[in-house]
Amino acid sequence: MKIFRCALIAVFLPLVVFAMNSTAEAQPPAGGASAQLAQTPPMGWNSWNKFACDVSEQLIREMTDAMVSSGLKAAGYQYVNIDDCWQVSRDTQGKIVADPTRFPSGIKALADYVHGKGLKLGVYTDAGRLTCQKRPGSLDHELQDAKTYASWGVDYVKVDWCHSEGLDPEVQYAKFRDALAQAGRPIVFSICNWGVKAPWRWGPKTGNLWRTTGDISDKYDSMSLIGFSQNGLEKFAGPGHWNDPDMLEVGNGGMNRDEYRTHMALWALLAAPLLAGNDLRSMTAETKEMLTNGEVLAVDQDAKGVQGHRIWEEGPLEIWTRSLADQSQAVGLFNRSEADLKMTLDFKAIGFSGLAKVRDLWEHKDIGIVQDAYTVEVPKHGVVLVKVSK
Ligand code: GAL
């Protein structure tokens, strides 16, 4: 059922976007403590993609340590986020209770630990009665939960949409925004309602990021269906409010190097939040390089905050571009076909003419000064990600 829902959202999203009033203007978040947060897309790690419900304070501490020792922290990753299953009940006052077996020291002690390493802690809840894994949701406890999180020192909250029958996401998430604004601590607000009721329309005045589709899985088909369907949403994103095509699967083993490069490059062009979803304690050198490539991360984190879009497509070949603060363009030449193919970027298509400098960002290599167009072979399911400048 869930798979069907995800596939449905991913398939119909482009149509929905196309049908929308294209003049709709994105608004910055309407005040509240979170308005100044996430000036660039949040970067961090989240437990769900790899560990699902198998979370504990031990795991979160080890992941925090690994974020530092692996170099992810130095590369800009900041949030350590516990997803579903940390909570088990409410006490007699209605206060949310963490699983005493898996989190015996409590969430506050964990937040202190994460802060002690110079990182930030995120938690997860649900706007409905129950979370997706049937733990207590925040419905009718919005303010109480926001205050609890603030008192624990939580820095980020992801709010899901399971068991929300009869509720309007625009109304419920606004309640949560207002609760966070009263909680007295800046907390990044991540809306996770899988694109239901076009969150890009009301998300900018509600949260710092909003999921645009159903769940990603660690397969090229899932990742590419989601990533390449984001075209048209770019007008709704900007500093403090971002489209979220879901968390990263890089390093989880279901895709090859070229496919994971497509995943990272596309997410960087989309100004997407970058929440690693793999086991940081046991990364291969290839995964580490993929997650920490500074030139690719700089595209994602570019200060101009303009989300990229598709400028050309022919069958399975697509070219996406993103304008950067230094007047250059990041360009991804993507090959979705089953064979390596040559692709050509015509500089006119990105507003350049004559000579331009081309640099390959994955390879950290200057290609040189090129006349009019750049032709390159792109591996199947892969990408060549370049920066083009005058
Ligand atoms: C889904 C959500 C996932 C994960 C999961 C937890 O609804 O999209 O990212 O949080 O619930 O149960």
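Here the structure is a predicted model, which is why all the values come from computation and not from measurement. (Residues numbered from 1 in each chain as written. Predicted model: local features only at pLDDT ≥ 70, side-chain atom pairs only at ≥ 80, totals over all residues. Heavy atoms only, no water.)

Novice: So, the pairing of strand E1 (residues 43-46): which residues are in play, and what are the values?
Specialist: Of the two faces of E1, both are covered, the one formed by Met43 and Trp45 as well as the one formed by Gly44 and Asn46. For E1 and strand E10 (residues 274-276), the ladder comprises three bridges, and the chain directions are parallel. Within the sheet, the bridge partner assigned to Trp45 lies in E10 and is Ala276. (Buried < 20%, exposed > 50% of the residue type's maximum accessible area, 1.4 Å probe, protein only. Helix = DSSP H or I, 4+ residues; strand = E, 2+ residues; numbered from the N terminus. Pairing = 2+ DSSP bridges.)

Novice: Give a detailed account of the sheet that holds strand E16 (residues 365-371), specifying residues and quantitative values.
Specialist: Strand order in this open sheet of six strands is E11-E12-E13-E18-E15-E16, and the pairing throughout is antiparallel. With partners counted over all chains shown, the strands left at the sheet margins are strand E11 (309-314) and E16, one partner each. Ignoring strand direction, the axes of neighbouring strands in this sheet form an average angle of 25°. Bridge count for E11 against strand E12 (residues 317-323) is five bridges, and the pairing is antiparallel. Within the sheet, the bridge partner assigned to Trp312 lies in E12 and is Ile319. Against the sheet, helix H10 (residues 257-269) engages E12, strand E13 (329-335) and strand E18 (383-389), with an angle of about 145° to E13. (Axes fitted to C-alpha atoms, helices over the stretch in contact; angles between N-to-C directions. Contact = heavy atoms within 4.5 Å.)

Novice: Go over empty space enclosed by the protein, please, and point to the residues and values.
Specialist: Gaps between atoms show up when a probe of the same size as a water molecule is rolled over them. Counted by the stated rule, this structure contains one cavity of 30 Å³ or more. There is about 60 Å³ of room inside the largest cavity. Taken together, Asn46, Asn81, Tyr156, Lys158, Ser190, Ile191, Cys192, Arg211, Asp244, Asp246, Met247 and Leu275 make up the lining of the largest cavity. Mapped by element, the contributors of at least two residues to the lining of the largest cavity are strand E6 (156-160) and strand E7 (188-191). (1 Å grid on protein atoms, 1.4 Å probe; cavity = no way out; pocket = protein on both sides within 12 Å on 5 of 7 lines; lining within 4 Å. Points joined across faces, edges and corners; volume = space filled by probe spheres on them.)

Novice: Lay out the site of the ligand with the relevant residues and their values.
Specialist: Near the ligand, the surroundings consist of 14 residues, among which Asp83, Asp84, Lys158, Asp160 and Asp215 are the closest. Note that an oxygen atom of the ligand is positioned 3.1 Å from one of the side-chain N or O atoms of Trp194. For the ligand, an oxygen atom lies 3.1 Å from a polar atom in the side chain of Arg211. Calculation on the ligand without its partners gives an accessible area of 310 Å², and the protein chains cover 99% of this total. Taken together, the residues of the shell around the ligand sort by class into six nonpolar, one polar and seven charged. (Near = heavy atom within 4 Å. Polar contact = N/O pair within 3.5 Å; in protein donor to acceptor, adjacent residues only side chain to side chain. Areas by Shrake-Rupley, 256 points an atom, 1.4 Å probe, with all protein chains shown as cover. Nonpolar A, V, L, I, M, F, W, Y, C, P; charged D, E, K, R; others polar.)

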